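# Working through the structure, step by step
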Amino acid sequence: MRWATWQWGGRHHVGTISADGREATPHAVVDASYGVLPLIQAMVRGEPLPQPSGTRLPVEVITLRAPLPRPLRSLFCVGRNYHAHAAELAGSVFRQTMPAEDPWPIVFGKLGECVVGPHDAVKMPLPSASIQIDYESELAVVIGQGGRDIPRSRAMDHVFGYTNVNDVTARDVQMRHQQWDLGKSFDTFCPMGPWIVTADELDGRATRVRGWVNGALRQDGLTKDMIHDIPTLIETCSRGITLYPGDVIATGTPAGVGMGLKPPQWLKAGDVVRIEIDGIGVIENRFE
Ligand code: MG
């Protein structure tokens, strides 16, 4: 199924999107302000799914919001997790060890407050804050059943579904600090959506992630080429830390970010970044 959050008729709604992506059906959810989150929590508790509760609408007339507009906490994000992307940044100031030689993934946090919808504007910061804004097309795993110390072998049982995120990054800020969180967490720096596709319909280990800037294809990667696969990421993030239903793990970006181009090309106001993941759909955000 495809679970989404949207605005229509002056209200927020949670519901399902048809398999062709064309129709939205609201379901009876008491508080839609947290999007799909309460529904994931209810499903994990074994409660029945909320019933359809309104008129089916064409997707064109609704305003999609992020499926998880207010994550409970920071997003877990993985750095340099595709071989070709690690190679394109090897000459940068990032540490020189190639991630493939490192048994531990790079994991950082991105503040949940920076999540915006699949077609919302991303606000460029003041030049005094950053002049090197970059995009990162990523598959994000949404946790269903929570847990701590989840072994690789059972990790996929904890996946509720998948969505797209753009891990927008202020490169100069990211590199200025030992930790990446500040440069990853500017307001509006996490477009998400257009919905969550449940794990019974998509295997995130075998899909394709593409990203375009102003219509030009920049990123094209297969998730099977991750250095640390999804089970490893869940095992890693849950080691000593309880994962909760609705937690998000952004799995890293394929090659082709602006920083990896020679010379680097930073985003500017007016640019449009489109991300498509096979089996999920498209998010497209204007930078302004
Ligand atoms: Mg990233």
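Please refer to the structure higher up on the page.
Residues numbered from 1 in each chain as written. Predicted model: local features only at pLDDT ≥ 70, side-chain atom pairs only at ≥ 80, totals over all residues. Heavy atoms only, no water.

## Comments concerning empty space enclosed by the protein
Tallying each qualifying case throughout the model produces 2 cavities of 30 Å³ or more. What the second largest cavity holds in volume is close to 60 Å³. Along the wall of the second largest cavity there are 12 residues; nearest its centre are Gly-79, Arg-80, His-85, Glu-136 and Trp-180. Every element with two or more residues in the lining of the second largest cavity is listed here: β6 (75–79) and α4 (171–176). (1 Å grid on protein atoms, 1.4 Å probe; cavity = no way out; pocket = protein on both sides within 12 Å on 5 of 7 lines; lining within 4 Å. Points joined across faces, edges and corners; volume = space filled by probe spheres on them. Helix = DSSP H or I, 4+ residues; strand = E, 2+ residues; numbered from the N terminus.)

## Some points on the coordination of the magnesium ion
Surrounding the magnesium ion are the protein donor atoms Glu-136 (OE), Glu-138 (OE) and Asp-167 (OD), at 1.9 to 2.1 Å. Each donor residue of the magnesium ion lies on one chain, and together they are spaced E-x1-E-x28-D. Remark: Asp-167 occurs in the loop between β11 (159–166) and β12 (169–170) and Glu-138 occurs in strand β10 (residues 137–143); sequence separation between them is 29 residues. Judged by relative accessible area, which is 0%, Glu-138 ranks as buried. Given the relative accessible area of 1%, Asp-167 is considered buried. (Donors = N, O, S within 2.8 Å, 3.2 Å for Na, K, Ca; no water. Buried < 20%, exposed > 50% of the residue type's maximum accessible area, 1.4 Å probe, protein only.)

## Observations regarding the pairing of β6
Among the 5 residues in β6, 5 count as buried, and that is most of the element. Here β6 runs beside strand β7 (residues 106–110); their pairing, made up of 5 bridges, is antiparallel. Counted as the bridge partner of Phe-76 is Gly-109 from β7. One ladder, built from 2 bridges, connects β6 with strand β16 (residues 248–250); its direction is parallel. (Pairing = 2+ DSSP bridges.)

Nothing here speaks to function; it is all geometry.
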